[in-house]
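Descriptive structure summary
Chain residues, written in single-letter form:
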Amino acid sequence: MGAAEPPALAGYDPAMAADLNPDRGRSARVPRVLLVDDSAAMRAVVRGLLEDAGMLVVGEAADGLDGIDQAQALRPDVVVMDWRMPQLDGLQATARLRQLLPQVRVVMFSVVEWEQAETVAREAGAAAFVHKGVAPEQVCAAVWAAWQSPPPGAGPSLVRGD
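Here's a quick rundown of the structure. (Residues numbered from 1 in each chain as written. Predicted model: local features only at pLDDT ≥ 70, side-chain atom pairs only at ≥ 80, totals over all residues. Heavy atoms only, no water.)

Considerations on the overall build of the protein
Looking only at helices and strands, the protein has six helices and six strands in total. Put simply, the protein runs from its N terminus to its C terminus through helices and strands in the order α-β-α-β-α-β-α-β-α-β-α-β. Counting only residues that meet the buried cut, the protein has 48% of its 162 residues in that class. Counting only contacts in the protein whose residues sit at least 6 apart along the sequence, the fraction spanning at least 24 positions is 71%. (Helix = DSSP H or I, 4+ residues; strand = E, 2+ residues; numbered from the N terminus. Buried < 20%, exposed > 50% of the residue type's maximum accessible area, 1.4 Å probe, protein only. Contact = heavy atoms within 4.5 Å.)

See the structure below:
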């Protein structure tokens, strides 16, 4: 994969992302985030996006199995999880994470486009589903919201790039 920015996050402005931290100036506590995506380029872009918004990215994994191992070792607050990955997909990894670490919130971040995607992701235990085609600031907003939300099981949270 080349060094080009993934098109889903093209136009990202770090100055704008910094304003998305709803706790800026109120608390030193920020979400600890683990990125799980088989695309190293996408992980790098999302890492920059979240860090610019004041979040702490504590680790990365390239598949669901490694994501589970990393989550158990690092104990993040939020996992940003791709849906389609080798070895163990994001749905299966999310379901396992919910069993092993029920306090961890998962934001499913994927190119999957079908009406039931949010429902299926939430049934697996995701706190939110974010389509990779959304504006970059919506990714940050979804992670902040997941971090501040009660455990999955409450109302839906969906961010689409329509």
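Thoughts on unusual backbone geometry
Residue Arg75 is not a glycine yet carries a positive backbone phi of 50°. When you line up the elements, Arg75 lands in the loop between helix H3 (64-74) and strand S3 (78-81). Judged by relative accessible area, Arg75 falls into the partly exposed class, the value being 46%.

Here's the deal with the packing of H3 against helix H4 (residues 90-100)
For the pair H3 and H4, the least separation of the axes is 9 Å and the interaxial angle reads 20°. Taken together, the axes of H3 and H4 lie roughly parallel to each other. Between H3 and H4 lies a crossing whose hand is right-handed. Residues Gly64, Leu65, Ile68, Ala71 and Gln72 of H3 lie in contact with H4, whose contacting residues are Ala93, Arg96, Leu97 and Leu100. Looking at the contact of H3 with H4 residue by residue, the classes come out as six nonpolar, two polar and one charged. (Axes fitted to C-alpha atoms, helices over the stretch in contact; angles between N-to-C directions. Parallel < 35°, antiparallel > 145°, perpendicular 65-115°, else oblique. Left-handed = near helix turned anticlockwise from the far one by under 90°. Nonpolar A, V, L, I, M, F, W, Y, C, P; charged D, E, K, R; others polar.)

With respect to helix H6 (residues 136-148)
When the terminal C-alpha atoms of H6 are compared, their 19 Å separation across 13 residues agrees well with the 18 Å that a helix rising 1.5 Å per residue should span. Within H6, burial applies to Pro136, Val139, Cys140, Ala142, Val143, Trp144, Ala146 and Trp147. (Expected span 1.5 Å × (residues − 1).)

Brief notes about the side chain of Asp37
One can find Asp37 in the loop between strand S1 (32-36) and helix H2 (40-52). Asp37 sits in the buried class, given a relative accessible area of 5%. Here the side chain of Asp37 touches Lys132 through a polar contact of 2.7 Å, side chain to side chain. (Polar contact = N/O pair within 3.5 Å; in protein donor to acceptor, adjacent residues only side chain to side chain.)

What about the pattern of salt bridges?
One pass over the full model with this rule turns up six salt bridges. The partner of Asp37 in a salt bridge is Lys132, and the shortest N-O contact between them spans 2.7 Å. Taken together, the residues span a long stretch of sequence, with Asp37 in the loop between S1 and H2 and Lys132 in the loop between strand S5 (128-131) and H6 at a distance of 95 residues. For the residue pair Asp37 and Lys132, the accessibility class agrees, reading buried in each case. A salt bridge links Lys132 to Asp82, with the nearest nitrogen and oxygen atoms 3.4 Å apart. Of the two residues, Lys132 sits in the loop between S5 and H6 while Asp82 sits in the loop between S3 and H4, which places them 50 residues apart along the sequence. On the basis of relative accessible area, Asp82 is assigned to the buried category, the value being 5%. When salt bridges with common partners are traced through the structure, they connect Arg43, Arg47, Glu51 and Glu60 into a single cluster. (Salt bridge = Lys/Arg side-chain N within 4 Å of Asp/Glu carboxyl O.)

Topic: the nonpolar core
Counting residues in hydrophobic clusters, the biggest one holds 24 residues, and the most contacted among them are Val33, Leu50, Met55, Val107 and Val143. Mapped by element, the contributors of at least two residues to this core are S1, H2, S3, strand S4 (105-110), S5 and H6. Tallying contributions element by element places H6 first for this core, with seven residues. Residue contacts for Val33: discarding those within four places in its chain leaves Leu50, Met55, Leu56, Val57, Val58, Gly59, Pro76, Val78, Val80 and Val143. Core analysis: the second largest hydrophobic core is formed by 23 residues, Ala61, Trp83, Val104 and Ala117 among them. (Core = buried A, V, L, I, M, F, W, Y, C linked by side-chain atoms within 4.5 Å.)

It is worth stressing that arrangement in space is one thing and function is another; only the former is reported here.
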